[in-house]
Amino acid sequence: MDAKTDASQIEKITDLAWPEAGVVDSVPFGVFTDPATYELEQERLFRPTWNFLALAAEIPETGDFKSTFIGDTPVVVTRDSDGGIHAWVNRCAHRGAMVCREIRGNNSDGTFTCVYHQWAFDPKGDLIGVPFRRGLAGKGGYPEDFDMKDHGLQKVRVEDYHGIIFGTFNEDLVDVEEYLGGDGDVTRLMKRILNRPLKVMGTTRQYMNSNWKIYAENTKDPYHASLLHLFHMTFGLYRSSQTGGVSLGDEWHSVLYSEAGTDNEETLKETKSSDLRTYQEGYTLHDPTLLAGRKEYDDGVTLVILSIMPSLVVQQIQNTLAVRQILPKGVDKFELIWTYFGYEDDDAEMDAIREKQFNLIGPSGLISMEDGEACELVQKAIIRDADKHSVIQMSGRDFKDEAHLVTEAPIRSFWNRYRELLDV
């Protein structure tokens, strides 16, 4: 489905059991299982918005490239000999074959050649070579009016925002800073993390048998961490009883933040008396240096989860810094790519701290491994009864900034904007 989405498919999507317009306290389960909804998201949600493509530090040198996606559209991001960054759809202009088959690498000659008929393109995506263009021995070849300038790869607009490369198909979209909400908390905390040149320290990938939006909700859910993640709760990295809150930016993106070690005595007492399975006072670490980090920021905030829709999470958990890229692969599956980073001027001790604390996150991270299981449990349970719905009423039915962590306001905010963009 593309811009010519037909009326019958739109009607089907609209027929899902959404609350009345402006009400965002529940979501029909059909939105996670309906193929027509998935197709409409590609058209109206992913392609017109700013999507994460790469860290600039992933392609630092001339000829470097990385294969990625905008939604489920394959894209390659490159660096040319002048240091310029480009991106293009990974689909040959000749017969539609994938041009670049590697995840990442370096083309020293700056040429990307389609294996099928060897059409060759430069890092900008311009066509620079066509075999047998004039035929052989006076036979065959392309017509005289064949112009290579008319057959380049489909270009993607890019912007390097403090070391994060974003891409969009929308030439009229505002710049990234305005898209993130101008001078609000989202941009402030993005710049806080992206405050100096980055260096890449590793990448992991995982596939989940779940709709991508279930994970998007998870990244906007501040209080599940106290109920799902034993490590967070037991070792005090993040608890709902700590100083923290949520900021919603322009009702599209969101920030969750907290300060470890600030548990309110009264609320912590309530937490202990609730007999939560995730609070285990008797647990200790065989290697306590795992959490022996270093203070990096002056504001006291030890956890930041920036959820930049539609497909990016930027995080700080203690001394772990990472971006997570959410890539839909169908209505009931997605890929999650974790890219771990530090700063170019980190010393050897800080490198070691980050490398050890990376064990907290990723597919089998001591904190984050439960999220994948939770997403798949939801997908398995909602496969039927598309007209039934979730309940997202924690801390009310509205969506606003909150100076606490027991709220679903960021999730409600996301769904409100989602409905506006999809017009459902």
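Bear in mind that the values here come from a model prediction, so they are computed numbers and not experimental data. (Residues numbered from 1 in each chain as written. Predicted model: local features only at pLDDT ≥ 70, side-chain atom pairs only at ≥ 80, totals over all residues. Heavy atoms only, no water.)

Colleague: Looking at this structure, how should I read unusual backbone geometry?
Modeller: The general pattern is negative phi for most residues beyond glycine and trans for most peptide bonds. Cis geometry marks the peptide bond from M309 to P310, where omega comes out at 15°. Along the chain, the position of P310 falls in the loop between β14 (303-308) and β15 (312-317). With a phi angle near 50°, H162 is a residue other than glycine that sits in the positive phi range. Considering the arrangement of structural elements, one finds H162 in the loop between β9 (155-161) and β10 (164-168). Residue class for H162 comes out partly exposed when judged on its relative accessible area of 41%. Positive phi is not limited to glycine here, since D423 has a value of about 60°. (Helix = DSSP H or I, 4+ residues; strand = E, 2+ residues; numbered from the N terminus. Buried < 20%, exposed > 50% of the residue type's maximum accessible area, 1.4 Å probe, protein only.)

Colleague: For this particular structure, what's the right way to read the environment of T407?
Modeller: Along the chain, T407 falls in the loop between α10 (369-381) and α11 (409-422). C-alpha of T407 to C-alpha of Y257: the two residues are 150 residues apart in sequence and 13 Å apart in space.

Colleague: Can you help me understand the side chain of T302 in this one?
Modeller: Tracing the backbone shows T302 in the loop between α8 (265-273) and β14. T302 gets classed as buried once you look at its relative accessible area, which sits at 19%. Residues in contact with T302, not counting those within four places in the same chain, are L237, S258, E259, A260, Q316, I317 and Q318. (Contact = heavy atoms within 4.5 Å.)

Colleague: Which parts of the structure should I look at to understand the packing of helix α2 (residues 35-46) against α11?
Modeller: When two helices pack together, their arrangement is captured by the angle between the axes and the distance separating the axes. Between α2 and α11, whose axes approach to 9 Å, the crossing angle comes to 85°. In terms of orientation, α2 and α11 fall into the roughly perpendicular class. Where α2 approaches α11, its residues T37, L40, E41, R44 and L45 are matched on the opposing element by Y418, L421 and L422. Across the contact of α2 with α11, the residue classes tally to 5 nonpolar, 1 polar and 2 charged. (Axes fitted to C-alpha atoms, helices over the stretch in contact; angles between N-to-C directions. Parallel < 35°, antiparallel > 145°, perpendicular 65-115°, else oblique. Nonpolar A, V, L, I, M, F, W, Y, C, P; charged D, E, K, R; others polar.)

Colleague: How should the layout of surface pockets be read in this particular structure?
Modeller: In this approach a probe as big as a water molecule rolls over the atoms, and the regions it shows empty are the leftover space. Quantified by volume, the largest pocket comes out at close to 460 Å³. Surrounding the largest pocket, 19 residues form its lining, I214, E217, D221, H224 and V378 being those nearest its centre. Where the lining of the largest pocket is concerned, the elements lending two or more residues are α5 (212-219), α6 (224-228) and α10. The element contributing the most residues to the lining of the largest pocket is α10, with 4 residues. (1 Å grid on protein atoms, 1.4 Å probe; cavity = no way out; pocket = protein on both sides within 12 Å on 5 of 7 lines; lining within 4 Å. Points joined across faces, edges and corners; volume = space filled by probe spheres on them.)

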